[in-house]
Amino acid sequence: MPHPPHPDPAGRAGAARRHPPHIAILGAGFAALAAVRRLRRQAPQARITLIAPEPVFTYLPSLIWIPTGLRDAGDLRVPLRGFLDRHRVEFVAARATGLADGGRRVLTSQGEIANDALLIATGGRFLRALPGIEHAHVLCEGPDAACAIRERLVRMDAGRLAFGFGTNPREPGAMRGGPIFELLFGIETWLRRTRRRDRFELTFFHASERPGERLGARAVPAILADMAARGIRTRLGEPPRSFTAEGVVTAEGSIPADMILFMPGLEGPDWAAASGLPLSPGGFFRADAHCRVEGAQRVYVAGDAGSHPGPDWLPKQAHMAELQADAAARNLLDELAGRPPRARPRPELLCVIDTLDAGTLVYRGARRSWMLPRTRLLHWAKKRFEARYLGALRRGAPPV
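Procedures and definitions
- Throughout this document, residue positions are counted from 1 along each chain, in the order its sequence is written.
- Selection of residues for local features in this predicted model requires a pLDDT of at least 70, selection of side-chain atom pairs for listing and counting requires 80 or more, and totals for whole chains, interfaces and linings are taken over all residues.
- No hydrogens and no water enter the side-chain calculation; it runs on all heavy atoms of the structure.
- Only strands joined by at least two bridges in the DSSP assignment are considered to pair.
- Each helix is a run of DSSP H or I of at least 4 residues and each strand a run of E of at least 2, with the numbering of both proceeding from the N terminus.
- Any pair of residues with heavy atoms lying within 4.5 Å of one another is described as a contacting pair.
- Lines fitted to C-alpha atoms define the axes here, with helix axes fitted over just the stretch in contact, and angles between the N-to-C directions of these axes take values from 0 to 180 degrees.
- Residues enter a nonpolar core if they are buried and are Ala, Val, Leu, Ile, Met, Phe, Trp, Tyr or Cys, with the set joined through side-chain atoms within 4.5 Å.
- For every residue, the accessible area (1.4 Å probe, protein chains only) is compared with the maximum for its type, and the residue is labelled buried under 20%, exposed over 50%, or partly exposed between those bounds.

Asker: An account of the sheet that holds strand S11 (residues 136–137) is needed here, citing residue identities and associated values.
Answerer: Read across the open sheet, the five strands follow the order S11-S18-S12-S13-S14; overall the sheet is parallel. The outermost strands of the open sheet, each flanked by one partner alone, are S11 and strand S14 (233–236). Alignment of strand S12 (residues 159–165) against strand S13 (residues 200–206), held across six bridges, turns out to be parallel. Bridging across to S13, Arg-160 finds its partner in Glu-201. Along the sheet, helix H5 (residues 143–155) contacts S11, S12 and strand S18 (259–263); its crossing angle with S18, the most-contacted strand, is approximately 155°.

So, in structure tokens, the structure goes:
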């Protein structure tokens, strides 16, 4: 049953009911925009402030297409001024550095920002603890990282490429492996298209014998079979120990590589320790079933910045971040109105594993999971969804 709202000795919840509440949102990604949509729909009079380094949204799912030239960095970065103006959102260009008064004051690089309620949607960061990590390209660090991969690939006439992903040993669920599968298959397709595949050796490595198991029981054998059919070598059950200019050093030996493409595990934001809020072992904000930060008043977290309860396969991906943000926004408004939070985001994994010329749809929910065979239509569907989402943002309309 829903637990009662936390005590509010300062009486700010009552004040928020008498006056339009001031809601602060940290971040400018999928979760932040989903929260803005929900908040403005249900609380048209609320004052909403978005705090992020710049008023720009980056469509991270399509970073996989930059290395093969299907997209450029500018295609995936959209100024948010139109969206913010349409939704009457104030913007503060700043980086969060901490919190005070249990979240009622956000400490930023541009000063303090008071609020009646706070949603943390800044995302996490990639672990860089493995020795020699500077020798690896980390795709999801952003468009610049993706462009660096493309520039390196274009200069290579032949070579050995090693692909892999890891996790956070303190919080094993904090990983993002899907984009590496897409990058691997996309580059392999691109090499065949450019008639250079026979001059490249591609190897996939992973600490587990069953990489991608979070995608569901059917996904693992399908992915490994696709690798075998494409002539991609595998080194499974070999945890990487370090990276060098010559390749990957694993627990069982070495993997020679001229280029390493690796997705490290995730950890919480660098400012989380200065928040005074409870954190998970991996440094994420610890959330309850309603996306509220445990022990906090009117402080919620959505997306990669949080450690949310759920099944061990609960993904850190855009779709799940939006579900969490929508529930968090509903609950935040309920708490401001003196009601207990009720909404719970459903655990759901939904993705298209793209291969540059086709795609495989994978779904996993609380009760069932399934996987559709690879088809060219799913590649076009993924491109179509991107076009609709970014097109709506560029028009200042709510993303679809």
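Asker: Please set out the nonpolar core residue by residue, giving values where relevant.
Answerer: By size, the foremost hydrophobic cluster in this structure holds 89 residues, and its most contacted members are Leu-161, Phe-163 and Phe-204. If you look at the next biggest cluster of nonpolar residues, it comprises 20 residues, including Leu-26, Leu-99, Ala-272 and Val-301.

Asker: I'd like a description of the pairing of strand S16 (residues 247–250), backed by residues and values.
Answerer: For strand S15 (residues 240–244) and S16, the ladder comprises four bridges, and the chain directions are antiparallel. Across the sheet, residue Ser-242 finds its bridge partner in S16, namely Val-249. The antiparallel hairpin formed by S15 and S16 contains two residues in its connecting segment. Inspection of the sheet shows S16 paired to strand S17 (residues 253–256) by four bridges, in the antiparallel sense. In the sheet register, Gly-247 faces S17, and the bridge partner there is Pro-256. Connecting the antiparallel pair S16 and S17 is a turn made up of two residues.

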